[in-house]
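Overview (structure and organization)
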Amino acid sequence: MTASRILKFLWADPRHYQIGVLCTLILLGASHFAFHLPWWHAVGCVGATLGTQALADRAIGRPFDPRSPLISAFSLTLLLRTGSITLSIAAGIIAVLSKYLIRWQGKHIFNPANFGLVIVSLLFGAAWISPGQWGQATLFALLLLALGGVVTGKAKRWDVSIALLVFYASLVLGRALWLGDPLAIPIHQMQSGALLIFAFFMISDPKTTPDSRAGRVLFAALVATLGFIIQFHLFNAAGIILALILCAPTVPLIDRYLPAGRYHWPTTLSLKGASHETLTPAE
């Protein structure tokens with residue numbers, strides 16, 4: 001096993017970047033932003049997602065691949081807050097099961113982390129979405145833009161991330177101009193760490209976004225508009241996160257009228273070479 005082969009393996013799949021970036025954000029959040037995140041909650045969520053994926057893969061006869069469930073677990077760890085480790089575990093289980101149970105024409109409809117996050121927070125009062133924990137630090141926003149650009153670029157889904165931010169920025173800017181607010185207010189709102197995490201690490205999921213570029217831009221406009229309405233008219237700070245789960249069922253319809261080739265993860269979990277993955281029921 002050579003260093004060049006390892007680097008080639010890591011470079012080939014965007015999930016490796018996403019796992020590394022999300023791990024970094026968790027460590028940064030726990031150390032610098034004081035999330036008060038118990039380590040056993042993170043371990044429980046990771047264990048639940050990996051365990052559920054392993055059992056589901058075994059049930060359908062597919063080799064276990066830990067990368068996608070790790071991304072879901074880390075995303076849940078970043079955005080879900082609860083005093084109950086049972087709910088952290090439940091969120092991981094629900095997230096992974098949604099990939100296998102809620103499907104349309106071989107494609108799962110909901111982003112797993114988004115689904116687990118919203119369902120647990122809606123069903124249980126002891127769990128909630130925490131979009132404001134990152135603050136609006138300018139340097140942190142720039143860091144997320146840089147890191148997110150690497151990930152979405154590798155996954156060829158930068159268009160949906162940029163479209164979401166452009167549409168959302170237009171809405172918050174238009175609101176500020178309508179109300180006569182200073183421009184510093186919408187600029188401050190666009191520097192939200194949670195918004196950037198959502199744009200680059202959740203809505204950019206290539207397995208649950210429309211297949212065509214035009215479809216992804218349309219989908220981003222729908223999510224941005226609904227998220228704006230929920231946040232500023234229904235006064236829910238997690239509006240953009242709630243909007244994704246509400247808009248997800250439109251993806252099959254968008255794919256029908258704006259068709260394109262379906263995305264496949266580029267590599268198997270092997271250091272022997274960057275071989276193409278075969279299409280499987282879960283992915």
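Let us look at the structure shown here. Within any chain, residue numbers begin from 1 and follow the written order of that chain's sequence. Selection of residues for local features in this predicted model requires a pLDDT of at least 70, selection of side-chain atom pairs for listing and counting requires 80 or more, and totals for whole chains, interfaces and linings are taken over all residues. Side-chain measures here rest on the full set of heavy atoms in the structure, leaving out hydrogens and waters.

Only runs of H or I of at least four residues qualify as helices and only runs of E of at least two qualify as strands under DSSP, and these elements are numbered from the N terminus. Here a helix's expected span is defined as the number of its residues, less one, multiplied by 1.5 Å. In this model helix α8 (residues 158-179) runs 32 Å from its N-terminal to its C-terminal C-alpha over 22 residues, within 8% of the 32 Å that 1.5 Å per residue would give. D159, V160, S161, A163, L164, L165, Y168, V172 and A176 are the residues of α8 that are buried. Trailing α8 by a residue or two, G180 shows a phi angle of about 80°, which is positive. Under the scheme applied here, a residue whose accessible area is under 20% of the maximum for its type counts as buried, over 50% as exposed, and between as partly exposed, the area being computed with a 1.4 Å probe on protein chains only.

This brings us to helix α3 (residues 39-60). Here α3 spans 32 Å end to end across 22 residues, near enough to the 32 Å set by a 1.5 Å rise per residue. It only takes one pair of heavy atoms within 4.5 Å for two residues to be counted as in contact. Among the structural elements, α4 (67-79), β1 (80-82) and α5 (85-101) are those in contact with the buried residues of α3. Downstream of α3 by one or two residues, G61 has phi in the positive range, about 75°.

Quick look at the pattern of salt bridges now. Salt bridge, as used here: a side-chain nitrogen of Lys or Arg that lies within 4 Å of a carboxyl oxygen of Asp or Glu. All told, the structure shown has seven salt bridges when counted by the stated rule. Residue D57 is joined to R62 by a salt bridge in which the shortest nitrogen-to-oxygen separation is 3.0 Å. On the accessibility criterion, D57 (0% relative accessible area) is buried. D159 is the salt-bridge partner of R216, the closest N and O atoms lying 2.8 Å from each other. With R216 in helix α11 (residues 213-232) and D159 in helix α8, the pair connects residues that are 57 residues apart, well separated along the chain. R216 gets classed as buried once you look at its relative accessible area, which sits at 5%. Judged by its relative accessible area of 5%, D159 is buried. By sharing partners, the salt bridges in this structure join R15, D65 and R67 into a single network.

In this text, buried Ala, Val, Leu, Ile, Met, Phe, Trp, Tyr and Cys residues form a nonpolar core when linked through side-chain atoms within 4.5 Å. If you look at the biggest cluster of nonpolar residues, it comprises 61 residues, and the most contacted ones within it are L164, Y168, F198 and V223. In this structure F198 touches L164, I203, V223, I240, I241 and L244, once residues within four positions along its chain are discounted.

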